[in-house]
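Single-letter residue listing:
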Amino acid sequence: MKTLNHAQNAANFNKDEKRVDWHDETLWWIRQKRDKSAFQIPEWESLRDAASAIKANTLSNLHQYLIEFEKNALANGVKIHWARDAKEHNDIVYGLLKEKGIDKMVKSKSMLTEECHLNEYLERKGIEVIDSDLGERIVQLAKEPPSHIVLPCIHKKKEEIGELFHEHLGTPAGNADPQVLTEAARIHLRETFLTRKAALTGVNFAVAETGEIVICTNEGNADMGAHLADLHIACMGIEKLVPSRAHLAVFLRLLARSATGQPITTYSSHFAKPRAGKELHIVLVDNGRTRQLGRAEFRNSLKCIRCGACMNTCPVYRRSGGHSYHNAIAGPIGAILAPNLAMKEYADLPFASTLCGSCSNVCPVKIDIHDQLYKWRQVLVKEGHTTTAKQLAMQTMATTLSSPTLFKIAGKTARVTLKYAPFMVNNKFNAWYLQRDMPKVPKSSFSEWYQTNRKQNEQ
Amino acid sequence: MKVALFIPCYIDQFYPQVAIACLELLERLGIDVSYPLGQTCCGQPMANSGFEHLADGCNTLFVKNFIGFDYIVAPSGSCVLHIKEHLKNDSQLDLVKHIKATTYELTSFLVDILKVEHLTSSFPYRVGMHQSCHGQRGLKLSQMSELNAPEFSKPGKLLSLVKDIELVELDRKDECCGFGGTFCVAEEAVSVKMGKDRINDHTKQDVEYITGVDMSCLMHLEGILNRQNSSISVKHIAEILNGVKA
Amino acid sequence: MSSRDQILTAVKANQPPLMTLPALDSFFESPKNELIIKFTQVLSSIGGSVIEVEDETEIGAFIREHYPLANIRAISPLANMQGIADRYEAENNPHKLENVELAILPAHFAVAENGACWLSETLLAERVLPFITQHLILVVNKNDILPTMHEAYQKISDETYGYGTFIAGPSKTADIEQSLVLGAHGARSLLVFLV
């Protein structure tokens, strides 16, 4: 089955307007919480500058930092693995589990494993994976991907979650009280944490200077999993590095405030060494990141710390839903990361934006997201990921607009056509006219008016 | 001071009254304004669709038309931003540099260059100001809601000089209307939904008019308002500042 | 070539010229005397509680009064919590902590701007203890409240630890329609005593 493009998915999402309103308002509320929190920090904009500059330095010296990180992590007793792509990443994780004869694993949030489709891969190999973040567990039970990187089930209504929990966890039918549902998940997942020998987590930051990794959660699920398992596997993209501990201060001040408006996540845990007699493995993953690093125009996308602020503020994301982006990472940041992974498959995403620029303004590391969307459009068209019809239309438009004479004729035709034969354009094939009237047509253009009323001044 | 009037193509064709208001307003302020007749379009429709490489003809034409002025002024944030960010002509680098530096959106020209402190116009209606994104975030015409920075608004300052106008506060002061150039047809569903939501914010405040610095956004909102048989009308800010009666 | 070497080679080939690191000096705050107020206000706003006490005997009295100690398992490595909580000797068997109701732990310091307390492994009997316990009490010296995360990381810049964590409030989630629920997987409540 062909994957629908963003516009088609968005049109489907918009069939239920009340739900779109609900989705929009929920995310806007989070944007407002972010504003309130950010505006309490007088040095907020300087912090964003600093964060962006730290990441710029990291990317410019990534080779050295990776070597330093590896050396320090190894000295800490951590095992390091390198994966060029999603497949190698998945193979490494599976290999570690197989070696220990483990067939059940608990996992906390990691967008990287979503990007690599790890769960599906492990399930095919007979490994059971249980996601422990509440939102991720919910979408996992619903057999859906997350629709948001921080709020995985933001698209789901509590009644739907109540039904899922009734079916899978035996909560009372018709009960949609978040308190009750969360308690049920707590009990169910506590049993999981206590019985799993392996825990996989993501990584928010990795410190080159110390070889430690930092994992941020509100629920405490990453810690519960990792501290109770014999084997802790932490998977990270190579861009997650920061030079030293001092730099964590800047990012931890920005991350949660940008994401949800909290001053910091409940837990910010620093893992340097494995527990006595246990193992900590870190998988460093490329999967296209070195390619993006080489694209000067798009390199800055690797600064992303996955806060989700650009999604919450994006007027298109709020009204089209995360799944419409058909990519592990949705929203504006997803739309500039995805074409690097597969240009043809994600050629629609950079066009799913009005280029309003709000994303770049909320970004805590100041990624020029909307400018990169514009630049991706140029690259995609040049690489041939466009339609012949669009190409012809653009060529015609360019020719017309390059010639004052043709422009005047075309303008007259358009105005005359609109004026005397509105049916010519006011039909269902005209996407403008479906829900919008055409502009009323004036008698003359401005340039005609000007020649009549002011031209004497020109001569 | 020699000023060239740069009129976006769709204003020339569909909203000549906006261009006339802009011209008259500048003339009334004592500016020597002329309108280069050979102008067509800034090339943004192609560029934003990914066809920047087809905009060479527009670029050459733009430079040709707008040589020799102290300032170039347009009643549009979006087209001005496009010129400032994307006008290219490798054989005329100095000219291009000068054009980029001296092209102004109308309200920023009035506030920053002419330092307008008085206007004679009156507009006795309840008005909502739609902050078009390219003017707002691209040209920084007003303080942006995302940033932790002091409040200011160039269009707002000018509207406050208009007599009897009643400006309303919106819930979402700078949310995008969903026009977005070809986005408005390529992503029809979301575009219209965004437009409807923007209109609702104004409707809740009982406005009689929606104004803004970009007629393209207003054209999109007007299309929806007219389909809804709404009593709300759109007016470009140039028309209000020029004092043309509603 | 190994994957490691392939990745490192690609990184080296594709990384841009070196960009300098920014100075962070301007973010350090001059010492303030409102740190207790700020810390209390922030931690309360994220679901935690703060109680200022004169000495540690007050803590014992408070716990005796508010927790049904006879019926629950309470654990603390703190010497002066004897008689209230069991001393738990690390046995490298975290699963044995499954039924802990209350853990009383010291923290190295607290951070005013976000209500967080820093605990490194040396203070924890087991890493999982502050998470697996149903309720958590932390004890911090009131002179050890730092203004921001910058001072916090300056303080631990040269520390060696196997594990350390900032804890700011009780475990929470808002994954279901953004309704805030305390007690997701970690402690359901957090009480900080400032001594």
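Not measured: the values here are computed from a predicted model. (Residues numbered from 1 in each chain as written. Chains lettered and ligands numbered in written order. Predicted model: local features only at pLDDT ≥ 70, side-chain atom pairs only at ≥ 80, totals over all residues. Heavy atoms only, no water.)

(A) Here's a closer look at the overall build of chain A. Tallying secondary structure elements over chain A gives 22 helices and 10 strands in all. Referenced to the eigenvectors of the C-alpha coordinate spread, the extents of chain A come out at roughly 90 × 55 × 45 Å. In chain A, which comprises 459 residues, the share counted as buried stands at 65%. Long-range pairs, those at least 24 residues apart, make up 73% of the contacts in chain A between residues at least 6 apart in sequence. Once the 61 positive and 49 negative side-chain charges of chain A are each reduced to a mean point, those two points are 6 Å apart. (Helix = DSSP H or I, 4+ residues; strand = E, 2+ residues; numbered from the N terminus. Buried < 20%, exposed > 50% of the residue type's maximum accessible area, 1.4 Å probe, protein only. Contact = heavy atoms within 4.5 Å. Lys, Arg positive; Asp, Glu negative; His and termini not counted. Charge placed at Lys NZ, Arg CZ, Asp CG, Glu CD.)

(B) Just the side chain of S244 of chain A, in detail. Residues and elements named next belong to chain A. Among the structural elements, S244 can be located in the loop between β8 (241–242) and α12 (245–259). Judged by relative accessible area, which is 13%, S244 ranks as buried. Every residue in contact with S244, bar those within four places of it in the chain, is listed here: V207 and E209.

(C) Quick look at the domain arrangement of chain B. Residue and element names in this part refer to chain B. Under the domain assignment, chain B is made up of domain 1 (2–113) and domain 2 (126–242). Relative placement of domain 1 and domain 2: their C-alpha centres are 22 Å apart. Counting from both sides, the interface comprises 27 residues of domain 1 and, opposite them, 22 residues of domain 2. In this assembly, domain 1 packs against domain 2 so that about 2,000 Å² is buried in total across both faces, 67% of it on carbon and sulfur atoms. Our enumeration of links across domain 1 and domain 2 arrives at one salt bridge. Scanning the region where domain 1 abuts domain 2 turns up 12 residue pairs in polar contact (both at pLDDT 80 or more). At the level of secondary structure, the elements contributing two or more residues to the side of domain 1 that touches domain 2 comprise α1 (9–14), α2 (16–28), α3 (44–48), α5 (77–86) and α7 (106–113). With seven residues, the single largest contributor to the side of domain 1 that touches domain 2 is α2. Of the residues that constitute the side of domain 1 that touches domain 2, the class distribution is 13 nonpolar, nine polar and five charged. (Domains from an automatic or database assignment. Buried area = accessible area lost by both parts, 1.4 Å probe. Salt bridge = Lys/Arg side-chain N within 4 Å of Asp/Glu carboxyl O. Polar contact = N/O pair within 3.5 Å; in protein donor to acceptor, adjacent residues only side chain to side chain. Nonpolar A, V, L, I, M, F, W, Y, C, P; charged D, E, K, R; others polar.)

(D) How the structure looks around the packing of aromatic side chains. Counted according to the given criterion, the structure contains 24 aromatic pairs over all chains. Note on F298 of chain A and W376 of chain A: the rings are 4.0 Å apart at their centroids and 10° apart in plane angle, and the pair reads as stacked. One end of the pair, F298 of chain A, is in the loop between α13 (289–294) and α14 (309–313); the other, W376 of chain A, is in helix α18 (residues 369–382), and 78 residues separate them in sequence. Across the pair, W376 of chain A and F298 of chain A agree in class, each one buried. Of the aromatic side chains, those joined through ring pairs into one cluster are F109, W118, Y153, Y161 and F166 of chain C. A cation over a ring is seen here: K390 of chain A above F351 of chain A, with NZ or CZ 4.2 Å from the ring centre. Over the ring of Y433 of chain A we find R227 of chain B; its NZ or CZ atom is 4.5 Å from the centre of that ring. (Phe/Tyr/Trp six-rings, centres within 6.5 Å; stacked < 30°, edge-to-face > 60°. Lys NZ or Arg CZ within 6 Å of the ring centre and 35° of its normal.)

(E) Spatial organisation of helix α10 (residues 178–195) of chain A. Residue and element names in this part refer to chain A. Along its 18 residues, α10 runs 26 Å from first to last C-alpha, staying within 8% of the 26 Å computed at 1.5 Å per residue. Listing the buried residues of α10 in full gives P178, L181, T182, A184, A185, R186, H188, L189, R190, T192, F193 and L194. A side-chain oxygen of the first residue of α10 lies 3.0 Å from the backbone nitrogen of Q179; this N-cap is D177. (Expected span 1.5 Å × (residues − 1).)

(F) Molecular detail of the sheet that holds strand β2 (residues 32–34) of chain B. All names here are of chain B. As summarised here, the arrangement of the four strands in space is β2-β1-β3-β4, forming an open sheet in which the pairing is parallel. Only two strands of the sheet have a single neighbouring strand rather than two, namely β2 and β4 (103–105). Geometrically, the sheet is characterised by an average inter-axis angle of 30° between neighbouring strands, direction not taken into account. Bridging between strand β1 (residues 2–5) and β2 involves three bridges; their strand directions are parallel. Counted as the bridge partner of K2 is D32 from β2. In the packing of α7 onto the sheet, the strands contacted are β1, β3 (71–74) and β4, and the crossing angle to β4 comes to about 105°. (Pairing = 2+ DSSP bridges. Axes fitted to C-alpha atoms, helices over the stretch in contact; angles between N-to-C directions.)

(G) Quick look at the arrangement of the chains. Among two pairs of chains with at least one contact, chains A and C form the most extensive contact set. These two, chain B and chain C, are apart from each other, with no contact and a minimum C-alpha gap of 16 Å.

(H) Structural detail: the interface of chain A and chain C. Facing the 96 residues of chain A at the interface are 70 residues of chain C. Carbon and sulfur atoms supply 60% of the area that chain A and chain C bury against each other, a total of about 6,900 Å² over both sides. Ranking the residues of chain A by area buried against chain C places H63, R186 and R245 of chain A at the top, with a combined share of 11%. Viewed at the interface, chain C and chain A are joined by four salt bridges. The partner of E70 of chain A in a salt bridge is R4 of chain C, with the nearest N and O atoms 2.7 Å apart. Where chain A meets chain C, there are 44 residue pairs in polar contact (both at pLDDT 80 or more).

(I) Region of the structure containing the UniProt feature "domain: Cysteine-rich" (unreviewed entry) in chain B. All names here are of chain B. In the numbering used here, UniProt assigns the "domain: Cysteine-rich" (unreviewed entry) feature to residues 3–84 and 127–221. Along residues 3–84, the helical share is 51% and the strand share 12%, with 17 Å between the first and last C-alpha atoms. Along residues 127–221, the helical share is 43% and the strand share 11%, with 14 Å between the first and last C-alpha atoms. (UniProt positions renumbered as here; feature names shortened; annotations may be inferred.)

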